[in-house]
Amino acid sequence: MNLVEEETDPKKDHINEIILSDDVQRAIEQVLQSSDPLDQPDFNPTDYINQLFPNEQSLSNIDEVIAKMECDISLIDDNIRSVVRGQVNTGENGRVALKEAQQSITQLFSLITDIKSRAEKTEDMVKEITRDIKQLDSAKNNLTYAITTLNHLHMLVGGVENLKRLSERRQYGEVLNPLQAIIEVNQHFQQYSEISQIQTLSAQVQQIQSELATQITDDFKNFFSPTSHSNANRMTLTQLKDACQVASVLDKPVKKNILKWFINLQLQEYVQLFHENQDIAWLDKIDKRYAWVKRHLLDFEEKFGTVFPTDWEVSERITVQFCTVTREELSKIIARRRTEIDVKLLLFAIQKTANFEQLLDKRFNGTTLVEATSEEVRQERGSFNNLIGSCFKPYLDIYTDSIDRDLTALIEQFAQQNQQMVVPKEINPGIIPNCADLFVFYKKCMVQCMQLSNEKPMYDLVLLFKRYLREYAIKVLEARIPKPQPPNSTTSSISSSMSLLTKDFQNLSTAAGQVIHNFLKEGETPRFSSEDMRKICYILATAEYCLETVQQLEDKLKEKIDKQYIAKVDLSDEKDVYHRIISNCIQLLVHDLDAACEQSLLLMTKIAWHSISNVGDQSGFVNQIITNLKQTVPVIRDNLANSRKYYTQFCHKFVNSFIPKYINTLYRLRPTSSGSSSASGSAALVASASSSSISEGANSASTGGNILGCEQLLLDTHSLKTVLMDLPSIGSQVQRKPPASYTKVVVKGMAKAEMIIKVVMQPVHPASLYIEQYLKLMPESNVVEFHKILEMKNVRKIEQQQLVEAYKRACPQLQQQQHQQTTVSSSVSAGTLGAGGGENSGNAQQTSEAPSGGSSTQSQQIAAAAAAISGAGSSIMALGDSLMDKGRIKKIENLIKNRLPN
């Protein structure tokens with residue numbers, strides 16, 4: 001406890017607290033650095049005293065502390081006194097310093113005023129001195145300007161007379177320099193145009209220029225005119241060259257008119273020679289046009305190349321005009337004779353034109369193209385590309401129509417070739433060769449069209465590509481997908497078997513077994529041969545290649561086509577077509593393997609599971625399934641070696657289809673017997689058909705409390721699970737770990753099958769314990785599955801209802817679905833009673849639970865036919881010796897035939 005309590009009464013605190021700002025406090029700390037607590041800004045006396053005297057024992061040295069404090073106070077008082085005494089004279093010293101500063105400022109102001117007055121006097125003196133110099137300088141400038149103007153006037157007056165004389169003599173070489181000078185001087189005197197003499201001189205200059213322009217133009221026409229044969233008045237090449245220089249100095253229209261006349265003169269022969277009525281003007285001789293202009297340019301440059309100035313670009317101007325005239329003439333002649341154009345002629349003309357335009361681009365720099373008056377020419381500034389070829393663009397539909405016809409013929413050729421499709425014998429045969437041929441043709445067309453145009457013709461080509469990609473998929477790939485051949489008539493085969501049965505009643509059991517064997521054999525779903533499966537894989541690999549190539553084709557088309565058409569290039573529909581073909585091929589392979597396994601599952605339902613006396617090796621149906629898998633899957637895997645992802649899809653789809661069918665088949669079995677219920681009809685029939693008497697079959701089917709069938713089923717299910725886990729690598733020397741997603745599907749599906757068998761093995765009494773075990777083993781089950789499992793256990797109907805009610809009570813979440821579950825349960829019960837119980841009940845469930853599709857319809861027919869034969873066989877055995885009557889035998893045959901499916 002502190003010895004000194006902090007007083008909070010404000011009346012007892014007579015010390016005025018001084019509060020300093022943070023900036024002042026930091027400045028004090030920087031100047032007076034101290035670690036003494038008394039110097040801290042947040043000093044608290046109470047805390048300080050409690051720090052000095054933390055307890056009563058520390059009060060023993062209080063005198064020493066007081067003495068030290070008094071010493072410090074005395075020292076501080078001395079310091080304060082010295083500071084106060086030092087500040088006594090501070091005010092007087094400040095006043096003296098201020099007065100001295102004011103006096104200094106007054107003296108400085110007087111000095112500045114004096115300097116300013118002296119500067120003004122000096123400036124006036126300088127102005128007085130330089131006044132005469134400025135007048136002299138201004139007089140000099142005026143005199144210089146007057147002399148220059150007089151000189152220009154002299155040049156103008158003398159030059160006009162000189163130009164008249166030189167122009168009359170056609171001495172253009174001597175006219176050039178004076179003319180340039182006079183034109184410049186005349187421009188100088190335009191500011192004095194109000195003076196009459198100047199106006200007269202200026203008019204004379206304009207007249208001289210006009211006369212020179214007319215004279216030079218006439219001289220050009222006289223020199224180059226083919227009708228002029230007199231050499232007396234013709235100019236020499238040197239004079240003509242000087243005349244060109246003079247024309248360059250004159251107004252621009254002079255040069256322009258001379259060039260226009262001269263270029264038209266040069267092309268006059270071309271226009272007449274290649275007139276649209278001439279045979280040489282047609283497209284098949286278009287190369288002769290370009291050969292003519294090449295020869296003409298060479299001849300012109302050899303004769304007159306040095307006459308015209310380089311900056312006139314006369315050769316290029318002739319070429320540009322040639323291209324313009326050629327484009328117009330070709331447009332007219334093509335429009336008039338369009339029906340005579342075929343694609344070979346069109347491509348020939350376009351190719352020759354493109355080659356010529358490329359040659360022009362290399363020869364000329366294209367500077368005169370900017371001056372062209374045609375809007376089409378201006379669009380291609382600096383390049384001769386399409387300067388002539390643009391006339392062919394409106395007729396490129398001839399090219400696309402030709403590609404359309406070629407593709408039609410190509411697809412028909414491919415379709416004919418594929419009618420005799422032979423898959424290469426080697427493993428992984430690759431793709432159909434004509435598929436690569438199709439895309440090579442596509443590439444050729446795309447490159448060729450790029451040389452013609454990347455606008456609408458290219459887009460039309462895209463539409464053709466889309467159309468024939470679909471036709472190739474339909475006519476070549478889908479049309480060659482093998483289809484299983486339908487089996488022979490079931491009725492005729494069974495009729496022959498029944499005839500065998502009526503002829504040989506001495507061995508009745510053998511005959512009945514033969515009837516069932518023939519029926520099962522004829523009821524098999526048609527399957528693909530090994531060659532057919534290889535064809536399906538062949539087509540699948542081809543469709544995959546097409547799918548990948550179509551994507552690359554789409555990207556390349558978007559890269560090459562004009563920007564305004566990029567958004568319209570979309571091959572997604574075509575890619576969907578090939579996706580559909582791939583999916584269809586995979587589904588056919590899955591369906592084929594499913595069909596093979598369905599026969600084994602049907603054999604599984606014919607085994608008398610409740611009468612099995614010992615658990616041995618895996619059952620025969622498992623061996624059949626494994627055999628079918630080993631025969632089929634390696635063929636598919638080898639032929640899809642380069643399509644690994646689609647092989648994985650095949651495995652996924654197969655197990656997703658097979659495992660539910662296997663579980664549905666389990667629901668149809670009766671692997672246990674309760675002693676009070678009889679064996680199923682079909683099992684009894686099979687057992688009786690293989691025994692020597694009806695009584696032996698009945699005895700073998702009436703054993704009670706047997707769960708060895710469940711143990712055998714559990715063993716078989718585990719074997720199937722092992723096989724399905726290794727399905728992707730079955731029959732292969734290289735073992736690969738299956739994908740995790742595939743393993744998950746197999747483990748989940750087969751685990752459910754194992755749980756169903758384990759639940760069937762459990763005794764139903766006591767009911768509470770059975771339901772508890774059921775919920776542990778099958779937590780995601782429902783009432784329908786629970787009812788099916790009770791059917792597997794051959795539980796009586798009354799007990800089934802009681803167990804179902806107990807199951808519902810144990811699962812409160814099912815109470816909301818009670819109405820629906822009751823409806824389903826009633827439907828199942830009605831179907832069971834209508835079928836007559838036993839194996840007929842199992843057949844009814846098979847019919848109702850079979851999956852949709854072609855295989856389910858056939859399974860229903862097989863089940864119905866098996867039930868009919870089962871009933872017929874029972875009737876035959878009950879009749880005994882009385883069946884020897886032939887008339888009654890015929891009635892039985894008719895009865896059996898009526899029960900067979902149509």
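Definitions and cut-offs
- Residues numbered from 1 in each chain as written.
- Predicted model: local features only at pLDDT ≥ 70, side-chain atom pairs only at ≥ 80, totals over all residues.
- Heavy atoms only, no water.
- UniProt positions renumbered as here; feature names shortened; annotations may be inferred.
- Helix = DSSP H or I, 4+ residues; strand = E, 2+ residues; numbered from the N terminus.
- Contact = heavy atoms within 4.5 Å.
- Phe/Tyr/Trp six-rings, centres within 6.5 Å; stacked < 30°, edge-to-face > 60°.
- Buried < 20%, exposed > 50% of the residue type's maximum accessible area, 1.4 Å probe, protein only.
- Axes fitted to C-alpha atoms, helices over the stretch in contact; angles between N-to-C directions.
- Parallel < 35°, antiparallel > 145°, perpendicular 65-115°, else oblique.
- Nonpolar A, V, L, I, M, F, W, Y, C, P; charged D, E, K, R; others polar.
- pLDDT = per-residue confidence, 0-100.
- Patch = residues over 30% accessible without salt bridge, like charges linked within 9 Å, V, L, I, M, F, W, Y side chains within 5 Å.
- Areas by Shrake-Rupley, 256 points an atom, 1.4 Å probe, with all protein chains shown as cover.
- Salt bridge = Lys/Arg side-chain N within 4 Å of Asp/Glu carboxyl O.
- Expected span 1.5 Å × (residues − 1).

- As recorded in an unreviewed UniProt entry, the protein chain goes by the name Vacuolar protein sorting-associated protein 53 homolog, listed as coming from Anopheles maculatus.
- On record in UniProt, under Sequence similarities (unreviewed entry), the comment for the protein chain is "Belongs to the VPS53 family."

1. Notes on the overall build of the protein chain
Part 1 of the argument: Within the protein chain, the regular secondary structure consists of 33 helices and 0 strands.
Part 2 of the argument: Of the contacts made within the protein chain by residues no fewer than 6 positions apart, 78% connect residues no fewer than 24 positions apart.

2. Brief notes about the packing of aromatic side chains
How two aromatic rings sit relative to each other is given by the distance of their centres and the angle of their planes.
Part 1 of the argument: Tallied over the full model, the rule gives 25 aromatic pairs.
Part 2 of the argument: Where Phe300 meets Phe304, the ring centres are 6.3 Å apart and the plane angle is 45°; that geometry is what we call tilted. Note that Phe300 and Phe304 are positioned in helix 10 (residues 286-304) at a spacing of 4 residues, about one turn of the helix.
Part 3 of the argument: Since its relative accessible area comes to 4%, Phe300 is described here as buried.
Part 4 of the argument: On the accessibility criterion, Phe304 (18% relative accessible area) is buried.
Part 5 of the argument: With a centroid separation of 6.0 Å and an interplanar angle of 75°, the aromatic rings of Phe439 and Tyr442 are classed as edge-to-face. Taken together, the positions of Phe439 and Tyr442, both in helix 15 (residues 433-452) and 3 residues apart, correspond to about one turn of that helix.

3. Structural notes on the packing of helix 15 against helix 16 (residues 456-477)
Part 1 of the argument: Remark: helix 15 packs on helix 16, axes separated minimally by 11 Å, with the N-to-C direction vectors making an angle of 175°. As far as their axial angle goes, helix 16 and helix 15 are roughly antiparallel. Of the residues in helix 16, those touching helix 15 at Asn434, Cys435, Leu438, Phe439, Tyr442, Cys445, Met446, Cys449 and Met450 are Pro457, Met458, Leu461, Leu464, Phe465, Tyr468, Leu469, Tyr472 and Val476.
Part 2 of the argument: Across the contact of helix 15 with helix 16, the residue classes tally to 17 nonpolar, 1 polar and no charged.

4. A word on the environment of Asp287
Part 1 of the argument: Among the structural elements, Asp287 can be located in helix 10.
Part 2 of the argument: For the pair Asp287 and Ala349, spaced 62 residues apart in the sequence, the C-alpha separation amounts to 7.9 Å.
Part 3 of the argument: With near-sequence residues (within four places) excluded, Asp287 lies in contact with Phe348 and Lys352.

5. A closer look at the confidence of the model for the protein chain
Part 1 of the argument: For the protein chain, per-residue confidence averages 75 on the pLDDT scale, and residues scoring 70 or more make up 73% of the total.
Part 2 of the argument: Of all secondary-structure elements in the protein chain, the lowest mean pLDDT belongs to helix 24 (residues 694-700), at 31, while helix 16 reaches the highest, 92.
Part 3 of the argument: In the model, residues 488-523 has pLDDT below 50 throughout and makes 47 contacts with residues more than four positions away in sequence or in other chains.
Part 4 of the argument: Contacts from residues 815-893, a stretch scored under 50 in pLDDT, to residues over four places away or in other chains number 101 contacts.

6. Some remarks on unusual backbone geometry
Trans is the common state for peptide bonds, and a negative phi is the common state for residues other than glycine.
Part 1 of the argument: Residue His765 is joined to Pro766 through a cis peptide bond whose omega torsion reads -5°.
Part 2 of the argument: One can find Pro766 in the loop between helix 26 (740-761) and helix 27 (767-777).
Part 3 of the argument: One non-glycine residue, Glu313, adopts positive backbone phi at about 50°.
Part 4 of the argument: Note that Glu313 resides in the loop between helix 10 and helix 11 (314-336).
Part 5 of the argument: The exposure class of Glu313 is partly exposed, given its relative accessible area of 24%.
Part 6 of the argument: The phi angle at Asn386 is positive, at roughly 65°, despite the residue not being glycine.
Part 7 of the argument: Note on Asn386: relative accessible area 21%, which makes it partly exposed.

7. Quick word on a nonpolar patch on the surface
Part 1 of the argument: Among the surface-exposed residues, Leu20, Val24, Ile28, Val31 and Leu32 lie close enough to one another that they form a single nonpolar patch of about 450 Å² accessible area.
Part 2 of the argument: Position of Leu20 among the secondary structure elements: in the segment before helix 1 (22-31).

8. A look at helix 11
Part 1 of the argument: Between its first and last C-alpha, helix 11 extends 33 Å over 23 residues, near the 33 Å set by a 1.5 Å rise per residue.
Part 2 of the argument: Burial runs high along helix 11: 17 of the 23 residues are buried.

9. Some thoughts on the environment of Lys362
Part 1 of the argument: Inspection of the secondary structure puts Lys362 in helix 12 (residues 343-363).
Part 2 of the argument: Take Lys362: its relative accessible area is 73%, and that puts it in the exposed class.
Part 3 of the argument: Placed 21 residues apart in sequence, Lys362 and Ser383 show a C-alpha to C-alpha distance of 9.6 Å.

10. A few points about the environment of Lys568
Part 1 of the argument: When you line up the elements, Lys568 lands in the loop between helix 19 (530-560) and helix 20 (572-605).
Part 2 of the argument: Through-space distance from the C-alpha of Lys568 to that of Tyr459 is 8.2 Å; in sequence the pair is 109 residues apart.

11. Concerning the packing of helix 14 (residues 397-419) against helix 15
Part 1 of the argument: Viewed as axis vectors pointing N to C, helix 14 and helix 15 meet at an angle of 175°, and their least axial separation amounts to 11 Å. In terms of orientation, helix 14 and helix 15 fall into the roughly antiparallel class. Where helix 14 approaches helix 15, its residues Tyr399, Ile403, Asp406, Leu407, Leu410, Ile411, Phe414, Gln417 and Asn418 are matched on the opposing element by Asn434, Asp437, Leu438, Phe441, Tyr442, Cys445, Gln448, Cys449 and Leu452.
Part 2 of the argument: A per-class count over the contact of helix 14 with helix 15 returns 12 nonpolar, 4 polar and 2 charged.

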